[in-house]
Each structure stands twice: as C-alpha cells, then as structure tokens.
Amino acid sequence: MNKLIAPSLIAADFSNLSQQIRLVEIGGAHMIHCDIMDGNFVPNITFGPLVVESVRKITKLPIDVHLMIRNPDNFIFEFAKAGADYISVHQEEVQHLDRTINLIKDQNSKAGVVLNPATPISTLKNIFSILDFVLIMSVNPGFGGQQFIPYTLEKIRELDKIRAEKGYKFRIEVDGGIGKSNIEKISSAGCDIFIAGSSIFRSGNISAATVELNNLVNPSIN
Ligand code: DX5
Ligand code: ZN
C-alpha cells in the first residue's frame, strides 16, 4: 500500500494558506494535517474548526485533525462538521477512549489515538481492533520544528510487529521532526503516514520538498 505524506499546517504561512496548500498539492501531498492546540493540553494555541472549514474549501485532500486539547469529546462533532476526515485524540487526555472512538466513527470520520513519546503502546492493547490509525508522537506535542526523538523509532517497530502478528488493519502515523534525513528509516520501521511541517513549509521550496519526501517513501513511483 502506498505511503502517504501529510504536510502539517503548523509550519505554514497562514497569511497565504491557500497558496501554501496548493504548493503541497503540486508536490503530491496525500493529506493535510491540522494541529489543533488549546493552550491547556499543550503549552501552545493554534486554531479551531473555523480554520478547518476554510481548509475544507481550499482542498479536496483528506483533512487529518490532531486534537491536542482538553476534553476532545466536546469538539468532535464541530471538527467533523468543519470537514475533518480523520480525527485523533490523545490517550493521555481521554478517560473513556472506547466511547470517544465511537463518537468519532459516528461522525463518519476515521478514528485514531495519539501516543506521546513516553506513553506505552500497551495502553491501546484492548482497542487496536477498533482503531483506523495510531499516531505515534516523535516529538513532545505543542510545537513544530523540534528534533525527532530517537527512541520513538522502537515504538513504531513494536507497533508494526503487533499489527502484523495479529492482523490488525489500523494505519501507523508518525508526527514530529520528520525530514529527508530520517524518513526512510521511519518508513522501514513501519510508518504509513508521515506528518511533516517544517521540513516542507520551511524548506524554501514547498513543492520540491513534498516531492522529495514522497519519492523517498514511495521509490517505485519515480
Ligand atoms: C507537535 C506537532 C508537530 C507538527 C510537525 O505538536 O504535531 O509535530 O505536526 O511539525 P514538524 O514537522 O515541524 O516537527
Ligand atoms: Zn500533529
């Protein structure tokens, strides 16, 4: 199955969002990743459903909404209504994860759970079968432009092994510090969907950077 590049808008120039999204589309991006931050769950604030609604008007690509917020249950309907095709919540934040996953699915969005670098994969053991994707944070959530945390590579391998052994269908997303120097080893570890902010939007050539990451993980399309 093809590997997917999901540029994260956190690193985009918001004064020119439409043009920035067009440039990643030209580069062959497969999804648009929206980092939603409330200044409580993480020490930063980004944007809400209003911006997702605008992104929905700009692009036909699937929109991947990463909720780094307190009480995400309260906003699932709003983000789904705004156009989110994928919605992920943090395991560290949700008390009733099975119910939250079903809330997301009831909105016909794909449901995912995010694990911070220090959170063990085993916390999801009982719900792997109902997840559409698992998002492994390879940085501590809150900011773009951070360095990839090396020990998270082992987490990706561990998750991929469990998926293969049990025949689970969830996809593996990885988020944070991904660029041309490490994307191939992240791909070999089992990642299917690569979230990249700075390495694309701060590259100096957005379309070319997207093409380059794409070619590194999908060499057969060259
Ligand atoms: C952290 C954010 C970032 C972002 C990617 O909370 O989730 O990881 O998506 O940013 P870069 O690619 O600049 O690390
Ligand atoms: Zn993210």
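Residues numbered from 1 in each chain as written. Chains lettered and ligands numbered in written order. Predicted model: local features only at pLDDT ≥ 70, side-chain atom pairs only at ≥ 80, totals over all residues. Heavy atoms only, no water.

## What about the coordination of the zinc ion (ligand 2)?
Thinking step 1. Every protein donor of the zinc ion (ligand 2) is accounted for by H33 (NE2), D35 (OD), H66 (ND1) and D175 (OD), and the metal-donor separations fall at 1.9 to 2.2 Å.
Thinking step 2. If you list the donors of the zinc ion (ligand 2) from N- to C-terminus, the spacing comes out as H-x1-D-x30-H-x108-D. Note that D35 is positioned in strand β2 (residues 32-37) and D175 in strand β7 (residues 171-175), a separation of 140 residues in sequence.
Thinking step 3. Residue classification places D35 among the buried residues on the basis of a relative accessible area of 5%.
Thinking step 4. Among the residues examined, D175 registers a relative accessible area of 7% and is labelled buried. (Donors = N, O, S within 2.8 Å, 3.2 Å for Na, K, Ca; no water. Helix = DSSP H or I, 4+ residues; strand = E, 2+ residues; numbered from the N terminus. Buried < 20%, exposed > 50% of the residue type's maximum accessible area, 1.4 Å probe, protein only.)

## Some points on the pairing of strand β1 (residues 4-7)
Thinking step 1. Burial of the side chains of β1 extends over both faces: L4 and A6 are buried on one face and I5 and P7 on the other.
Thinking step 2. The pairing of β1 with strand β8 (residues 193-196) spans four bridges and is classified as parallel. Looking at β8, one finds that L4 is bridged to I193. (Pairing = 2+ DSSP bridges.)

## Re the pattern of salt bridges
Thinking step 1. In the structure shown here, the tally under the stated rule is eight salt bridges.
Thinking step 2. Residues R163 and D160 are paired through a salt bridge, measuring 2.9 Å at the closest nitrogen-oxygen approach. Note that R163 and D160 are positioned in helix α5 (residues 152-166) at a spacing of three residues, about one turn of the helix.
Thinking step 3. Here K161 makes a salt bridge to E165, at a shortest N to O gap of 3.0 Å. (Salt bridge = Lys/Arg side-chain N within 4 Å of Asp/Glu carboxyl O.)

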